[in-house]
Amino acid sequence: MDASNDPEFGIADWQRLLRSIGEDPSRQGLAETPGRVSRAWAHWTRGYKQDPATILKTFADGGESYDELIVVRQIPVYSHCEHHLAPFFGHATVGYLPSGHIVGLSKLTRLVNCFAARLQVQERLTAQIAQSLLEHLQPKAVGVIIRCRHMCMESRGIAVAGEETVTSAMLGNLKTNPAQRAEFLALAERPD
Ligand SMILES: [Zn+2]
């Protein structure tokens, strides 16, 4: 969905949704809601307009000789499941072992946002982050771990409130080298 391209369509659509659940879109508290929701959804799905290749443009600052794991932990994840359009949210840990190409650390956060701000399932989100790092940086290894709470599970199903879903993707050396994998997992361990 891209509500920002056609706000009139978006507003009429949200008014129809409000009516369908038994609400009166014209009452005072809801008068501004369709426009607000359209803008909110444009933000929550902004990732469709973002290009991982642009985000991951490498730079030369002398870090090219660095050949140890680079790991960023606790990157906030805010996404929406494609089955219910319900939020899922949590944190990602992203690591890679560079081979000549490094990126600014904030780029890893932007990469997570780029894929999270689309309709997702957590498994694909995890794989897409890992694959795009592999494709654009050609590192020796990539590791991604994501922990999220899913509102569609917690509010409807049998899941216990606060329960986390954990997904991971290990590529390159992290897949084949147990010592490297153990090092990544130690670095990725939750701080609490
Ligand atoms: Zn769902």
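Rules used in this analysis
- Residues numbered from 1 in each chain as written.
- Predicted model: local features only at pLDDT ≥ 70, side-chain atom pairs only at ≥ 80, totals over all residues.
- Heavy atoms only, no water.
- UniProt positions renumbered as here; feature names shortened; annotations may be inferred.
- Donors = N, O, S within 2.8 Å, 3.2 Å for Na, K, Ca; no water.
- Helix = DSSP H or I, 4+ residues; strand = E, 2+ residues; numbered from the N terminus.
- Buried < 20%, exposed > 50% of the residue type's maximum accessible area, 1.4 Å probe, protein only.
- Axes fitted to C-alpha atoms, helices over the stretch in contact; angles between N-to-C directions.
- Parallel < 35°, antiparallel > 145°, perpendicular 65-115°, else oblique.
- Left-handed = near helix turned anticlockwise from the far one by under 90°.
- Contact = heavy atoms within 4.5 Å.
- Nonpolar A, V, L, I, M, F, W, Y, C, P; charged D, E, K, R; others polar.
- Phe/Tyr/Trp six-rings, centres within 6.5 Å; stacked < 30°, edge-to-face > 60°.

- The protein is annotated in an unreviewed UniProt entry as GTP cyclohydrolase 1 of Nitrosovibrio tenuis.
- The heading Catalytic activity (unreviewed entry) in the UniProt record of the protein holds the text "GTP + H2O = 7,8-dihydroneopterin 3'-triphosphate + formate + H(+)".
- Quoted verbatim from the Subunit (unreviewed entry) field of the UniProt record, the comment on the protein reads "Homopolymer."

What to know about the coordination of the zinc ion
Logical step 1: Distances from the zinc ion to its protein donors, C81 (SG), H84 (ND1) and C152 (SG), fall at 2.2 to 2.3 Å.
Logical step 2: Spacing between the donor residues of the zinc ion along their common chain follows C-x2-H-x67-C. Residue H84 is located in the loop between β1 (70-81) and β2 (87-97), and its partner C152 is located in helix α6 (residues 151-154); the two are separated by 68 residues in the primary sequence.
Logical step 3: Exposure remark for C152: the relative accessible area of 10% places this residue in the buried category.

A look at the packing of helix α4 (residues 105-116) against helix α5 (residues 122-137)
Axes are the key here: two packed helices are described by the angle between their axes and the distance separating the axes.
Logical step 1: Contact pair α4 / α5: the axes reach a minimum separation of 10 Å and the direction vectors enclose 135 degrees. The angle between α4 and α5 falls in the class oblique. Classified by chirality, the crossing of α5 by α4 is right-handed. Facing L108, L111, V112, F115 and A116 of α4, the residues of α5 in contact are L125, Q128, I129, S132 and L133.
Logical step 2: Here the residues of the contact of α4 with α5 sort into eight nonpolar, two polar and no charged.

Some words on unusual backbone geometry
Logical step 1: We note that L85 has phi near 60 degrees; this positive angle belongs to a residue other than glycine.
Logical step 2: Topologically, L85 is positioned in the loop between β1 and β2.
Logical step 3: Among the residues examined, L85 registers a relative accessible area of 38% and is labelled partly exposed.
Logical step 4: Phi at Q138 is positive, roughly 45 degrees, even though this residue is not glycine.

Quick notes on the packing of aromatic side chains
Logical step 1: Tallying each qualifying case throughout the model produces one aromatic pair.
Logical step 2: Judged by centre distance (5.2 Å) and plane angle (90 degrees), the ring pair of W41 and W44 falls under edge-to-face. Here W41 and its partner W44 are both found in helix α2 (residues 33-44), three residues apart, which amounts to about one turn of the helix.
Logical step 3: You can call W41 buried: its relative accessible area is 7%.

Examining the environment of Q28
Logical step 1: Looking at the element boundaries, Q28 is found in the loop between α1 (7-20) and α2.
Logical step 2: Taking the relative accessible area as the measure of exposure, Q28 reaches 76% and is therefore exposed.
Logical step 3: A C-alpha to C-alpha distance of 33 Å links Q28 and R149, two positions 121 residues apart in sequence.

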